[in-house]
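Remarks on the overall topology
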Amino acid sequence: MLSRRNPQLNAHGELIHLLSIEGLPRAVLTQILDTAGTFLSVNDRDVKKVPLLRGKSVFNLFFENSTRTRTTFEIAAKRLSADVINLDINKSSTAKGESLLDTIANLSAMHADMFVVRHSESGAPYLIAQHCAPHVHVVNAGDGRHAHPTQGLLDMYTIRHFKKDFTGLTVAIVGDIVHSRVARSDIHALTTLGVPEIRAVGPKTLVPGDLAQMGVRVCHDMAEGIRGADVIIMLRLQNERMSGAMLPSAGEFSKSYGLTPEKLALAKPDAIVMHPGPINRGVEIASSVADGSHSVILPQVTFGIAVRMAVMSTIAGNQA
Amino acid sequence: MTLTLDAEALYADLRAGVRSLLPKDAVLVGIWSGGAWLAERLQRDLGLPGSHGVISSTLHRDDFSSRGLAGSDATSLPFGIDGRHIVLVDDVLYTGRTIRAVVNELFDFGRPASVTLAVLVDRGGRELPVAAAYAAARISLPAGQKLTLARADDGRFSFAVKEPA
């Protein structure tokens, strides 16, 4: 049965679902990052596939669209030799009125072994994890504003790859933090891995005030926020919210918080610039920065596949 | 039961055995972790050029669903294996399942000309049609008992025996 303390862990403290980075011990995060390193080297082989999930079925359940994330999960599952079934839920059963749990019950009857779930409602993957059969594993691929744990882990992998050690770093997360499940997952992961200074940078309307309680330094001034930073994580300014009352305009935001070469010069000379994608060139990040020598945006994508392979093989190897 | 296995004496036998069966231009590949220590020392003691390879069974194990991912052991082959004669080295040969997994792992990197196996101890109990071309000792142990090689800080080998729980 699911443990009362943390539904992601079994009685031995092993990961059986990945729902959120919050509450996961450092050892679990580190093990996933180490395993991802092993999988990264699989790309150098003649045969770029390992049989760990051979005979298992992974169902990609995307109640909210995301071509990139779905594709990276699909590639990761296929490299592990799983059968992958992609379901575009928006266009199918839920549109006909089927409830989430009925959908899950039906897919379980098709012998699903793993669900990769993206949903606009926070907590949907938890609900599925609580109601699926004990042998079924759930990965949260982004739920509402709550969490995007595999993005958080791939960001940690990227930071560790370029900076080696977390314990002396200053990390600035810039932009629309209030709506960002990526920011939330990153903050939990960075805290757990021992990063001493985490800054949340953005306008008052887009940076929640309670972040200070999580040990995060809130900066409404961009220069103050990125000065001396080792890592800058830019977030996508979500166009759909541009017209709301939260922001005067994209141009205004860009002027104050867009990452330009001039602002980047305030960070450490060897700072890395990250972005979960898709990027809005000229809005939150200047093209010359996105394509420049500090940018590690494309390595993030490559690492993302290895990290998702690590997550899927880790949970599949642990019993409820 | 007390088991007296002098790992250092067996290593000397293994070194002589590997020297005699080593084809020309062969490469040594040690199975993580005990076999990797042996291959590292053999590479040096036999004066072979370059460095040895290390291979892990993790990604091809047949007990993955019950055992999960064990550790951070990873395959590292600092040479191409196509057309090469490969000598696999391991500390203990038992069921043969590890060997099956590492042979599959090896073939993910290419097509070797031949693969042979040299071990410190063959403890019987095979569950697959696997045999070592050289074993420094052949012994018989109760099924539950676990025999593993240990390496001290000064590089000397010893055997550790764990009784069934």
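Just so it is clear, the structure is predicted and the values come from calculations on it, not from any experiment.

1. Points about the overall build of chain B
Summing up its helical and strand segments, chain B has four helices and seven strands in all. Put simply, chain B runs from its N terminus to its C terminus through helices and strands in the order α-β-α-β-α-β-α-β-β-β-β. For 165 residues, the compact-globule estimate of 2.2 N^0.38 gives 15 Å, and chain B sits close to it at 15 Å. For chain B, the share of sequence-separated contacts (at least 6 apart) that also reach a separation of at least 24 residues comes to 69%.

2. Quick look at the interface of chain A and chain B
Contacts between chain A and chain B engage 14 residues on the former and twelve residues on the latter. Every element with two or more residues in the side of chain A that touches chain B is listed here: α1 (26-40) and α11 (297-316) of chain A. Looking at which element gives the most residues to the side of chain A that touches chain B, the answer is α1 of chain A, with three residues.

3. Overview of unusual backbone geometry
Residue proline 278 of chain A follows glycine 277 of chain A across a cis peptide bond; omega there is -10°. Following tryptophan 32 of chain B, the chain continues into serine 33 of chain B via a peptide bond in cis, with omega recorded as 0°. Within the chain, histidine 111 of chain A stands out as a residue other than glycine whose phi angle is a positive 65°. Tracing the backbone through its elements, the reader meets histidine 111 of chain A in the loop between α3 (100-109) and β3 (114-119). The phi torsion at lysine 164 of chain A lies on the positive side, around 70°, for a residue other than glycine. Tracing the sequence through the fold places lysine 164 of chain A in the loop between α5 (149-163) and β5 (170-174).

4. Quick word on the packing of α5 of chain A against α11 of chain A
All names here are of chain A. Two elements in contact, α5 and α11, have axes separated by 8 Å at closest approach and are oriented at 120°. Compared by their axis directions, α5 and α11 come out oblique. Between α5 and α11 the crossing geometry is right-handed. Between α5 and α11, the residues in contact are Thr150, Leu153, Leu154, Tyr157, Thr158 and His161 and Pro299, Gln300, Phe303, Gly304, Val307, Arg308 and Val311, respectively. Classifying every residue of the contact of α5 with α11 gives seven nonpolar, five polar and one charged.

5. Considering the sheet that holds strand β6 (residues 197-201) of chain A
All names here are of chain A. Strand order across the open sheet formed by five strands is β7-β6-β5-β8-β9, with parallel pairing between neighbours. The open sheet has two edge strands with one neighbour each: β7 (217-219) and β9 (272-274). Neighbour to neighbour, the strand axes of the sheet diverge by 20° on average, direction disregarded. In this structure, strand β8 (residues 231-234) lies alongside β9, joined through three bridges in parallel fashion. Note on β9: the bridge partner recorded for isoleucine 233 is methionine 274.

6. Quick look at the pairing of β3 of chain A
Residue and element names in this part refer to chain A. Among the six residues of β3, six are classified as buried, and the element is accordingly described as predominantly covered. Going residue by residue along β3, you find Met114, Val116 and Arg118 tucked away on one face and Phe115, Val117 and His119 tucked away on the opposite face as well. Where strand β1 (residues 57-62) lies against β3, five bridges are found, and the strand directions are parallel. Residue phenylalanine 59 lies in a different strand from β3, and its bridge partner there is phenylalanine 115.

7. Thoughts on the environment of arginine 145 of chain A
Residue and element names in this part refer to chain A. Along the chain, arginine 145 turns up in the loop between β4 (137-143) and α5. As a C-alpha pair, arginine 145 and arginine 181 span 36 residues in sequence and 4.7 Å in three-dimensional space. With residues near it in sequence (within four places) discarded, arginine 145 still touches Ser122, His179 and Arg181.

8. With respect to the pairing of β6 of chain A
Residues and elements named next belong to chain A. Taking burial as the measure, the five residues of β6 include four buried ones, the bulk of the element. Two elements, β5 and β6, share five bridges in a ladder whose sense is parallel. By the bridge assignment, alanine 172 is partnered in β6 with arginine 199. In this fold, β5 hands off to helix α6 (residues 181-192), which returns the chain to β6; that crossover is right-handed. Inspection of the sheet shows β6 paired to β7 by three bridges, in the parallel sense. When the bridges of β7 are listed, valine 201 appears paired with cysteine 219.

9. Some remarks on helix α4 (residues 124-131) of chain A
Regarding α4 of chain A, the residues found buried are Ala124, Pro125, Tyr126, Ile128 and Ala129 of chain A. For α4 of chain A, the secondary structure elements touched by its buried residues are α3, β3 and β4 of chain A.

10. So, the sheet that holds strand β2 (residues 83-88) of chain A
Residues and elements named next belong to chain A. What the four strands build is an open sheet, ordered β2-β1-β3-β4; its pairing is parallel. The outermost strands of the open sheet, each flanked by one partner alone, are β2 and β4. Taken over all neighbouring pairs, the strand axes of this sheet differ in orientation by 15° on average, direction set aside. Here β3 runs beside β4; their pairing, made up of five bridges, is parallel. Within β4, the position partnered with valine 117 by the bridge is asparagine 140.

11. Here we look at the confidence of the model for chain B
On average, chain B scores 91 in pLDDT, and the residues at 70 or more come to 96%. Scored by ipTM, the complex comes to 0.77, with pTM at 0.89.

The rules behind the values
Residues numbered from 1 in each chain as written. Chains lettered and ligands numbered in written order. Predicted model: local features only at pLDDT ≥ 70, side-chain atom pairs only at ≥ 80, totals over all residues. Helix = DSSP H or I, 4+ residues; strand = E, 2+ residues; numbered from the N terminus. Rg over C-alpha atoms; globule rule 2.2 N^0.38 Å. Contact = placed C-beta atoms within 7 Å. Axes fitted to C-alpha atoms, helices over the stretch in contact; angles between N-to-C directions. Parallel < 35°, antiparallel > 145°, perpendicular 65-115°, else oblique. Left-handed = near helix turned anticlockwise from the far one by under 90°. Nonpolar A, V, L, I, M, F, W, Y, C, P; charged D, E, K, R; others polar. Pairing = 2+ DSSP bridges. Buried ≥ 20, exposed ≤ 12 C-beta atoms within 10 Å, placed from the backbone. Right-handed = clockwise from strand over helix to strand, strands pointing away. pLDDT = per-residue confidence, 0-100.

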